[in-house]
Amino acid sequence: PPPISMPANQGGALDYGALTTVVPRELEEIEKWLEANVDMRERIEAWRRAIYSTFRSGKKLTDQPTGDIDFDTIIQNTFLAKMGVEPDDKIFIDRGLEREKITLSILWRTSRMSTQEALKLFVFLLKIYEDPEIKHYLDLEILVSQEIPGIDDKAEGTEVPVILPFGKDAIRDHELIIKNLLALSKVDSEDGSLAITDDTVALRTQKERLLRQNPRSTRKFAIDLWDECHSGKEADQSVDEMAKNQEALRGHAFCFVFKPEASMATTPAEAYGKDHFLLCDSTADLIRYLDVVVRTMIKYNDDYAGRIKGQVESELGIVIPDET
């Protein structure tokens, strides 16, 4: 795939011609909702810029031709030469020293939100991931803590968690993703939502999969979409598993909480840390928040958590209260 290229360097607009449009009739309402509520081109450009910032910080310039030229350095050197400053004559990028790949795992584990709401988020992520430059630098998967009839042609459902991988094959993997989304759409038309079956296992699976993928990479992030409609021992075990994930991933885990129960023994802040969760009332809010959170994770890596609320407030104009 071509290297990340930004319009500021080329004097032109980003090319979105490679974007695939999700067209199955069953998903038309989701498409219309996204068109009305989300500027996908703007979001894709924002994700590209976030990834581009890590790409540039990970490069090394060399004077040996490698096939990739850093045009920013050429422009900078031109200005330095005009000012009488000796420029750095290295202009080629050593591609072998790029940032390691970003791995993002998102776990849907809520029964408060219907599968129709889940589909809005999943199609949003699909459209982001369809961009070829984003796909080159990002590994993405969605895990669902519910059984979904129809996934993988198993009428009785699948093992939990259901894993929706966003793979490399532009045709085969895209067809599989669409097939899975259609299975979700069918569930929504029949039942509206799916009960959580075993979210403790789902959380553990998410952690184990993240740790196995891209073994040398430190840029691995887990996002959990959580509510506690149930309570008692099972809910407490889930919270314990969250804390284990946070420790194993060195704080690279974030949680969105849908309308938590007031009677919960342990709060999200205690499980994740006060800078590692946000409360959400709708999927529209979730998409806006998740967009900001993921881009902040990518750009700032180890120190992203302290920047999340400030980024949400500056980009969305929403003041986030200090929840406990």
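Here the structure is shown first, and the text comes after it.
Residues numbered from 1 in each chain as written. Predicted model: local features only at pLDDT ≥ 70, side-chain atom pairs only at ≥ 80, totals over all residues. Heavy atoms only, no water.

Novice: Could you give an account of the overall build of the protein chain, with specific residues and numbers?
Specialist: Tallying secondary structure elements over the protein chain gives 12 helices and eight strands in all. For the protein chain, the proportion of its 324 residues judged to be buried stands at 50%. In the protein chain, 75% of the contacts between residues at least 6 apart in sequence involve partners at least 24 apart. For the protein chain, the exposed surface amounts to about 15,400 Å²; the carbon and sulfur share of it is 49%. (Helix = DSSP H or I, 4+ residues; strand = E, 2+ residues; numbered from the N terminus. Buried < 20%, exposed > 50% of the residue type's maximum accessible area, 1.4 Å probe, protein only. Contact = heavy atoms within 4.5 Å. Areas by Shrake-Rupley, 256 points an atom, 1.4 Å probe, with all protein chains shown as cover.)

Novice: Let's hear about the environment of isoleucine 134: which residues, and what values?
Specialist: Tracing the chain through its elements places isoleucine 134 in helix α6 (residues 132-137). Note on isoleucine 134: relative accessible area 0%, which makes it buried. Along the primary structure isoleucine 134 and isoleucine 102 are separated by 32 residues, whereas in three dimensions their C-alpha atoms are 10.0 Å apart. For isoleucine 134, the contacting residues outside a window of four places in its chain are Ile44, Trp47, Arg48, Ile51 and Ile128.

Novice: So what's going on with the side chain of lysine 127? Residues and values would help.
Specialist: Note on placement: lysine 127 falls in helix α5 (residues 115-129). Given a relative accessible area of 12%, lysine 127 falls into the buried group. Of the polar contacts made by the side chain of lysine 127, one reaches the side chain of glutamate 31; its length is 3.3 Å. (Polar contact = N/O pair within 3.5 Å; in protein donor to acceptor, adjacent residues only side chain to side chain.)

Novice: Quick one: what's the story with the pattern of salt bridges, residue by residue and with numbers?
Specialist: Inspection of every chain in the model, using the stated rule, returns 16 salt bridges. For arginine 48, the salt bridge is made with aspartate 131, and the minimal N-O distance between the two is 2.8 Å. On the criterion of sequence distance, the pair formed by arginine 48 in helix α3 (residues 40-57) and aspartate 131 in the loop between α5 and α6 is long-range, its members being 83 residues apart. Grouping residues by exposure puts arginine 48 and aspartate 131 together as buried. Of the charged contacts in the structure, one is a salt bridge between aspartate 291 and arginine 295, with a shortest N-O distance of 3.1 Å. Pair noted here: aspartate 291 and arginine 295 are both in helix α11 (residues 283-300), with a separation of four residues, about one helical turn. A residue is classified by how much of its surface remains accessible, and arginine 295, at 5% relative accessible area, is buried. Salt bridges sharing partners connect three or more residues here, namely Glu42, Arg43, Asp291, Arg295 and Glu315. (Salt bridge = Lys/Arg side-chain N within 4 Å of Asp/Glu carboxyl O.)

Novice: Quick rundown of the environment of phenylalanine 166? Include the residues and the values.
Specialist: With respect to the helices and strands, the residue phenylalanine 166 is situated in strand β5 (residues 162-166). A residue is classified by how much of its surface remains accessible, and phenylalanine 166, at 5% relative accessible area, is buried. Taking C-alpha positions, phenylalanine 166 is 9.0 Å from leucine 176, a pair spaced 10 residues apart along the chain. In this view, phenylalanine 166 contacts Phe122, Leu125, Leu126, Tyr129, Leu140, Glu141, Ile142 and Ile177; residues no more than four positions away in its chain are not counted.

Novice: Summarise the nonpolar core; cite the residues concerned and give the values.
Specialist: Among the nonpolar cores identified, the biggest contains 63 residues, and Leu121, Phe122, Leu181, Ile223 and Phe256 are the most heavily contacted of them. Excluding residues within four positions of it along the chain, phenylalanine 122 makes contact with Trp108, Ile142, Val144, Leu164, Phe166, Leu181 and Leu184. By size, the runner-up hydrophobic cluster in this structure holds 16 residues, among which are Trp226, Leu249, Val257 and Phe277. (Core = buried A, V, L, I, M, F, W, Y, C linked by side-chain atoms within 4.5 Å.)

Worth remembering: the numbers are spatial, not functional.
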